[in-house]
Amino acid sequence: NAGVMQNPRHLVRRRGQEARLRCSPMKGHSHVYWYRQLPEEGLKFMVYLQKENIIDESGMPKERFSAEFPKEGPSILRIQQVVRGDSAAYFCASSMDTAPQAFFGQGTRLTVV
Amino acid sequence: EDKVVQSPLSLVVHEGDTVTLNCSYEVTNFRSLLWYKQEKKAPTFLFMLTSSGIEKKSGRLSSILDKKELFSILNITATQTGDSAIYLCAVQETSGSRLTFGEGTQLTVNP
């Protein structure tokens with residue numbers, strides 16, 4: 001039973017490019033959460049999705065960021081026109097229904113140069 | 001807005017010492033408090049606490065919640081170098097599933 005899988009583990013983008021981060025939840029989990037961790041800071045909630053629905057996106061920046069969790073395939077966090085301030089570790093967690101998020105992926109470390 | 005404050009922010013001890021990490025919180029509709037250990041990768045789940053006064057224990061780690069005073073502590077006895085990590089506290093509301101994390105405590109255990 002594979003855990004929460006994120007890819008890529010490391011992603012380097014130039015300013016202005018697009019970044020796509022993928023998260024495959026644990027088998028049987030239909031709830032996905034994205035968090036961002038800036039250097040020397042704790043994790044900040046971004047968005048909570050169920051299959052084909054965004055439940056809570058109150059932590060997402062209003063511009064350039066979007067997320068989806070299609071019926072088939074992984075959840076995608078998309079950042080358009082990246083800026084240096086987007087450099088961070090992006091973690092995904094999954095759970096069954098509203099159980100606590102005990103399972104996090106290894107994260108994607110995005111570096112914008 | 002929910003708030004979680006952890007203290008100390010960093011702590012350096014010697015192997016064999018006992019440490020106590022603190023977490024205080026303000027949340028509108030409290031459901032649970034969670035502790036995680038984060039080494040250079042994903043946070044690893046340690047404990048979930050929902051009721052006051054009931055100690056959760058796993059090996060040398062234990063944790064307890066005080067819902068009246070709105071805080072939790074995480075104790076680690078007989079620390080080892082492998083305990084070096086960032087310890088994160090998070091709270092979850094009843095109204096949704098998002099977690100609000102504290103800044104973390106950076107624990108360093110020296111041999």
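Q: Describe the overall build of chain B, listing the residues and the values that go with them.
A: Along its length, chain B carries 0 helices and 11 strands. Listing the helices and strands of chain B from first to last along the sequence gives β-β-β-β-β-β-β-β-β-β-β. Each of the three principal axes of chain B carries a C-alpha extent, and together these read 45 × 25 × 20 Å. Relative to its full complement of 111 residues, chain B shows a buried share of 43%. Summing over all exposed atoms, chain B offers an accessible surface of approximately 5,400 Å²; the carbon and sulfur share of this is 50%. Side chains of chain B carry 11 positive and 12 negative charges; the gap between the two charge centres is 6 Å.

Q: Go over the interface of chain B and chain A with me, naming the residues and quoting the values.
A: Taken together, the contacts link 18 residues of chain B with 22 residues of chain A. Here chain B meets chain A over a buried area of about 1,600 Å², counting both sides, of which 52% is carbon and sulfur. Considering only the side of chain B, the residues that lose the most area to chain A are Ser97(B), Arg98(B) and Phe101(B), jointly responsible for 32% of the buried surface there. Summed over the shared surface of chain B and chain A, the number is 2 salt bridges. The partner of Glu103(B) in a salt bridge is Lys44(A), and the shortest N-O contact between them spans 3.5 Å. Linking chain B with chain A are 4 residue pairs in polar contact (both at pLDDT 80 or more). Taken together, the elements giving at least two residues each to the side of chain B that touches chain A come down to β4 (30-38), β5 (43-49), β9 (85-93) and β10 (99-101) of chain B. Split into classes, the residues belonging to the side of chain B that touches chain A amount to 9 nonpolar, 4 polar and 5 charged.

Q: Which residues make up the state of the cysteines, and what values do they have?
A: Residue and element names in this part refer to chain A. In the structure shown here, the tally under the stated rule is 2 disulfides over all chains. Shown here is the disulfide that connects Cys-23 with Cys-92, its sulfur atoms set 1.8 Å apart. The disulfide joining Cys-23 to Cys-92 has a torsion of about -55° about its S-S bond and is therefore left-handed. Taken together, the positions of Cys-23 in strand β3 (residues 19-24) and Cys-92 in strand β9 (residues 88-95) put the pair 69 residues apart, joining distant regions of the chain. Residue classification places Cys-92 among the buried positions, given a relative accessible area of 0%.

The rules we used
- Residues numbered from 1 in each chain as written.
- Chains lettered and ligands numbered in written order.
- Predicted model: local features only at pLDDT ≥ 70, side-chain atom pairs only at ≥ 80, totals over all residues.
- Heavy atoms only, no water.
- Helix = DSSP H or I, 4+ residues; strand = E, 2+ residues; numbered from the N terminus.
- Buried < 20%, exposed > 50% of the residue type's maximum accessible area, 1.4 Å probe, protein only.
- Areas by Shrake-Rupley, 256 points an atom, 1.4 Å probe, with all protein chains shown as cover.
- Lys, Arg positive; Asp, Glu negative; His and termini not counted.
- Charge placed at Lys NZ, Arg CZ, Asp CG, Glu CD.
- Contact = heavy atoms within 4.5 Å.
- Buried area = accessible area lost by both parts, 1.4 Å probe.
- Salt bridge = Lys/Arg side-chain N within 4 Å of Asp/Glu carboxyl O.
- Polar contact = N/O pair within 3.5 Å; in protein donor to acceptor, adjacent residues only side chain to side chain.
- Nonpolar A, V, L, I, M, F, W, Y, C, P; charged D, E, K, R; others polar.
- Disulfide = S-S within 2.5 Å.

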